[in-house]
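Tertiary structure, described
Listed here are the chains, written in short residue letters.
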Amino acid sequence: MKQPPIAKLYEAYSAVADQRIHQIDETHWQIISSDRAQHYTVISSDNGQTFSSDDNATYWQGYPGYPILATWLTLDVLPTDHEILPSFKNINWHVRNEAVHNHYDQAIDQFLSEQSDKMAKVIPLVLAAGMNKLTSFNYTIKRNRAVKK
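Residues numbered from 1 in each chain as written. Predicted model: local features only at pLDDT ≥ 70, side-chain atom pairs only at ≥ 80, totals over all residues. Heavy atoms only, no water.

1. Description of the overall build of the protein
From N to C terminus, the protein includes 6 helices and 5 strands. Listed N to C, the secondary structure of the protein is α-β-β-β-β-α-α-α-α-α-β in terms of helices and strands. For the protein, the C-alpha radius of gyration of 14 Å lies close to 15 Å, the compact-globule estimate for 149 residues. A buried classification covers 48% of the 149 residues belonging to the protein. Residue pairs at least 24 apart in sequence account for 64% of intrachain contacts in the protein once pairs closer than 6 positions are excluded. Carbon and sulfur atoms make up 49% of the accessible area of the protein, which totals about 7,800 Å². Looking at the protein, you have 14 positive and 16 negative side-chain charges, and the mean spots of the two groups are 4 Å apart. (Helix = DSSP H or I, 4+ residues; strand = E, 2+ residues; numbered from the N terminus. Rg over C-alpha atoms; globule rule 2.2 N^0.38 Å. Buried < 20%, exposed > 50% of the residue type's maximum accessible area, 1.4 Å probe, protein only. Contact = heavy atoms within 4.5 Å. Areas by Shrake-Rupley, 256 points an atom, 1.4 Å probe, with all protein chains shown as cover. Lys, Arg positive; Asp, Glu negative; His and termini not counted. Charge placed at Lys NZ, Arg CZ, Asp CG, Glu CD.)

Structure (structure tokens):
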């Protein structure tokens, strides 16, 4: 499985914190973007070994984008650290990323500078551990183009 940039895990945590993930049925989820302008569909295979999404990162880059990562956090496939979760509430990553011309590291640095000293240290460690866990995942990632409603 191709690894996503760590910025996608930051975005996924915000989706979880804002409760923007809605399970439609056993194999379908709808994830609403941080600016609430888009929604994405995540689909899993019946055996849960293949995930697809219609977000641009998954579709064009072939790695699990934040909608798949948020689904995994919700399903506890990827553990969620509930201590840091409140820090991610109401973060509009779309606006932040646009402001720094999609230099995701700069958006993350800005986000971390707004946190308490403790959270500014803990959050990168927790998310780095999450990224490390992703390296052991053996899921198949596919793109889909779900019909937009």
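After presenting the structure, the write-up continues.
2. A closer look at the layout of surface pockets
Put simply, the largest pocket is a space of about 480 Å³. As for the largest pocket, its lining consists of 21 residues, of which K8, E11, Y40, Y66 and H94 are closest to the centre. Taken together, the elements giving at least two residues each to the lining of the largest pocket come down to α1 (6-17), α2 (56-61) and α4 (93-99). Of the residues in the lining of the largest pocket, the class split is 7 nonpolar, 8 polar and 6 charged. (1 Å grid on protein atoms, 1.4 Å probe; cavity = no way out; pocket = protein on both sides within 12 Å on 5 of 7 lines; lining within 4 Å. Points joined across faces, edges and corners; volume = space filled by probe spheres on them. Nonpolar A, V, L, I, M, F, W, Y, C, P; charged D, E, K, R; others polar.)

3. Things to note about the packing of aromatic side chains
Inspection of the entire model under this criterion finds 13 aromatic pairs. Where W72 meets F137, the ring centres are 5.2 Å apart and the plane angle is 70°; that geometry is what we call edge-to-face. Taken together, the residues span a long stretch of sequence, with W72 in helix α3 (residues 66-75) and F137 in the loop between α6 (117-134) and β5 (140-143) at a distance of 65 residues. With a relative accessible area of 0%, W72 lands in the buried category. Here F137 falls in the buried class, since its relative accessible area comes to 10%. Through successive ring pairs, a cluster of aromatic residues spans Y10, Y13, F88, W93 and F111. (Phe/Tyr/Trp six-rings, centres within 6.5 Å; stacked < 30°, edge-to-face > 60°.)

4. Comments concerning the nonpolar core
In terms of nonpolar packing, the biggest core is built from 39 residues, with Y10, W72, F88 and I123 touching the most fellow members. Listing elements by their share of this core, those giving two or more residues are α1, β2 (28-32), β3 (39-44), α3, α5 (104-113) and α6. In terms of residues, this core owes the most to one element, α1, which gives 8 residues. Excluding its chain neighbours within four sequence positions, the residues that come into contact with F88 are Y10, Y13, S14, A17, D18, F111, I123 and L127. (Core = buried A, V, L, I, M, F, W, Y, C linked by side-chain atoms within 4.5 Å.)

5. Points about the environment of P86
Here P86 is to be found in the loop between α3 and α4. With a relative accessible area of 59%, P86 lands in the exposed category. Between the C-alpha atom of P86 and that of D18, which follows or precedes it by 68 residues, the distance is 8.9 Å.

6. Digging into the pattern of salt bridges
With the rule as written, the count across this model stands at 5 salt bridges. Across the salt bridge formed by D18 and R36, the nearest N and O atoms sit 3.9 Å from each other. Placement of the pair is D18 in the loop between α1 and β1 (21-25) and R36 in the loop between β2 and β3, with a sequence separation of 18 residues. Residue class for D18 comes out buried when judged on its relative accessible area of 10%. Between R96 and E114 there is a salt bridge whose closest N-O contact spans 2.8 Å. Placement of R96 in helix α4 and of E114 in the loop between α5 and α6 is noted, with a sequence separation of 18 residues between them. What makes R96 buried here is its relative accessible area of 14%. Counted as one network, the salt bridges with shared partners bring together D18, R20 and R36. (Salt bridge = Lys/Arg side-chain N within 4 Å of Asp/Glu carboxyl O.)

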